[in-house]
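# Analysis of the macromolecular model
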Amino acid sequence: MTPLDDLQAVRLRRLLEEGLPLEASPYRLLAERIGATEDRVLAQVQQWQRDGLFRRVGLVLKHRALGIHANAMLVLDIPDAEVDAVGERLSAAPGVNLCYRRPRRLPHWPYNLFCMVHGRERASVTAHIAALLAELGLSERPHKLLFSTRAYKQCGGRFAPALDRAHG
Amino acid sequence: MDDLDRRLINRLQLGLPLVPRPWEALAEELHSDAATLRARVQALLDDGTLTRFGPMFDIDRLGGAFTLAALSVPEERFDAVAAILDGLPEVAHNYRREHEWNMWFVLGCATPEGISDTIARIETLTGLPVLNLPKEETYHVGLHFPV
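Residues numbered from 1 in each chain as written. Chains lettered and ligands numbered in written order. Predicted model: local features only at pLDDT ≥ 70, side-chain atom pairs only at ≥ 80, totals over all residues.

### A few points about the overall build of chain A
Of regular secondary structure, chain A possesses six helices and five strands. Listing each helix as α and each strand as β along chain A from the N terminus yields α-α-α-β-β-α-β-β-α-β-α. Relative to its full complement of 168 residues, chain A shows a buried share of 34%. Taking the contacts inside chain A whose residues are at least 6 apart along the sequence as the reference set, 60% of them involve residues at least 24 apart. (Helix = DSSP H or I, 4+ residues; strand = E, 2+ residues; numbered from the N terminus. Buried ≥ 20, exposed ≤ 12 C-beta atoms within 10 Å, placed from the backbone. Contact = placed C-beta atoms within 7 Å.)

### A few points about the UniProt feature "domain: Siroheme decarboxylase NirL-like HTH" (unreviewed entry) in chain A
Those residues carrying the UniProt feature "domain: Siroheme decarboxylase NirL-like HTH" (unreviewed entry) are residues 14–55 of chain A in this numbering. Secondary structure across residues 14–55 of chain A divides into 64% helix and 5% strand, with the first and last C-alpha atoms of the span separated by 17 Å. (UniProt positions renumbered as here; feature names shortened; annotations may be inferred.)

### Some words on the interface of chain B and chain A
On the chain A side, the residues contacting the 61 residues of chain B number 66 residues. No other element matches the eight residues that strand β1 (residues 50–57) of chain B contributes to the side of chain B that touches chain A. Of the residues assigned to the side of chain B that touches chain A, the class counts are 33 nonpolar, 15 polar and 13 charged. Relative to strand β6 (residues 137–138) of chain B, strand β3 (residues 96–101) of chain A runs antiparallel, the two being bridged by two bridges. By the bridge assignment for β6 of chain B, Tyr-100 of chain A is matched with Thr-138 of chain B. (Nonpolar A, V, L, I, M, F, W, Y, C, P; charged D, E, K, R; others polar. Pairing = 2+ DSSP bridges.)

### Brief notes about the UniProt feature "domain: Siroheme decarboxylase NirL-like HTH" (unreviewed entry) in chain B
According to UniProt, the positions carrying the feature "domain: Siroheme decarboxylase NirL-like HTH" (unreviewed entry) are residues 5–49 of chain B. Between the C-alpha atoms that bound residues 5–49 of chain B there is a distance of 10 Å. The span itself is 67% helix and 0% strand.

### Some words on the nonpolar core
Membership of the largest hydrophobic core comes to 54 residues, with the highest contact counts inside it found for Val-41 and Leu-59 of chain A together with Ala-69, Phe-105 and Leu-107 of chain B. Sequence-distant contacts of Ala-69 of chain B, that is, excluding residues within four places in its chain, are made with Phe-105, Leu-107, Ile-119, Val-130, Leu-131, Asn-132 and Leu-133 of chain B. Core analysis: the next-biggest nonpolar cluster, separate from the first, contains 22 residues, Met-73, Cys-99, Tyr-111 and Val-117 of chain A among them. (Core = buried A, V, L, I, M, F, W, Y, C linked by C-beta atoms within 7 Å.)

### Focus: helix α5 (residues 112–126) of chain B
Because an α-helix completes one turn every 3.6 residues, residues spaced three or four positions apart along the sequence face the same direction. All names here are of chain B. Compared with the 21 Å implied by 1.5 Å per residue over 15 residues, the 21 Å span of α5 between its first and last C-alpha is a close match. Among the residues of α5, Ile-115, Thr-118 and Ile-122 are the ones counted as buried. In a view along the axis of α5, the buried residues occupy a sector of 65°, so they form one face of it. Facing away from the buried side of α5, by more than 90 degrees, are the exposed residues Glu-113, Ala-120 and Thr-124. Among the structural elements, β2 (65–71) and β4 (103–109) are those in contact with the buried residues of α5. Downstream of α5 by one or two residues, Gly-127 has phi in the positive range, about 70°. (Expected span 1.5 Å × (residues − 1). Arc of directions from axis to C-beta.)

### Description of the domain arrangement of chain A
When its domains are assigned, chain A resolves into domain 1 (6–51) and domain 2 (63–147). For domain 1 of chain A versus domain 2 of chain A, the separation of C-alpha centres amounts to 37 Å. (Domains from an automatic or database assignment.)

### As for the packing of helix α1 (residues 6–17) of chain A against helix α2 (residues 26–34) of chain A
All names here are of chain A. Interaxial distance between α1 and α2 falls to 10 Å at its minimum, and their mutual angle equals 130°. As judged from the angle between their axes, α1 and α2 are oblique. Like other packed secondary-structure pairs, α1 and α2 cross with a definite hand, here right-handed. Residues Gln-8, Arg-11, Leu-12 and Leu-15 of α1 form the contact with α2, whose own contacting residues are Leu-30, Arg-33 and Ile-34. Of the residues assigned to the contact of α1 with α2, the class counts are four nonpolar, one polar and two charged. (Axes fitted to C-alpha atoms, helices over the stretch in contact; angles between N-to-C directions. Parallel < 35°, antiparallel > 145°, perpendicular 65-115°, else oblique. Left-handed = near helix turned anticlockwise from the far one by under 90°.)

Below is the structure:
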């Protein structure tokens, strides 16, 4: 049995897409808004977390507001047979914020592994990545570091809350 | 931003406990009080340090379609092309990057057809080929960035 009926669950999810209310008892407030009990709302939220709909109730930082000015996309060309193992190791490394496998588009684009790395300034990010690649034995693999030099648009559309972190 | 803000941000990156009165649980950990912590989060949202507080939904579970895309834009057209993308609601996170492929952005649509339609529209509007790099696998990271 699920904690909420379908309509309540849909309404709760819409409310949570806007964020968690900054209240002493946020789940009681949400329960009042959808006509359910606090216990059931909390049970539903816990179930969604167990199911992987979200990983945590957390926050999205605006990096530039925190003095985090360097944003690098590290791309590597790793043989298909090895790319998952390398991706798992890179994603576990300190400083790596996102890590994805994507298709190559030959001859225009030879790279299949993408990591986002943030830091306070470019020199430290470059040094950090060089050390990381050396440690993982990847220095000789074809790779590039694409620093961003300007953000033209940071979010948009109804998927903005997720896009803030997910980079497609 | 003071020491309490930093400790609060670092702690919240690990996730707010899923309990009826989460701020009280956190206040004990951080040696503060619940009302102060909530006011701090509100202030950090108001001044733009945080852009969101709440469940971090898994993009793969949202039912939409997404891709990372890039354009190789001639220097003299860069701002004009950026303005075109700015006008498209499907486009997010448009960054200039130092590479021959110098404009990188994310597309978010309700359906996969929406993605291919949007790519076709961008190619028509700009006259430039789009590099379409949809995610094939996610390697999960902790997302913890100490401040």
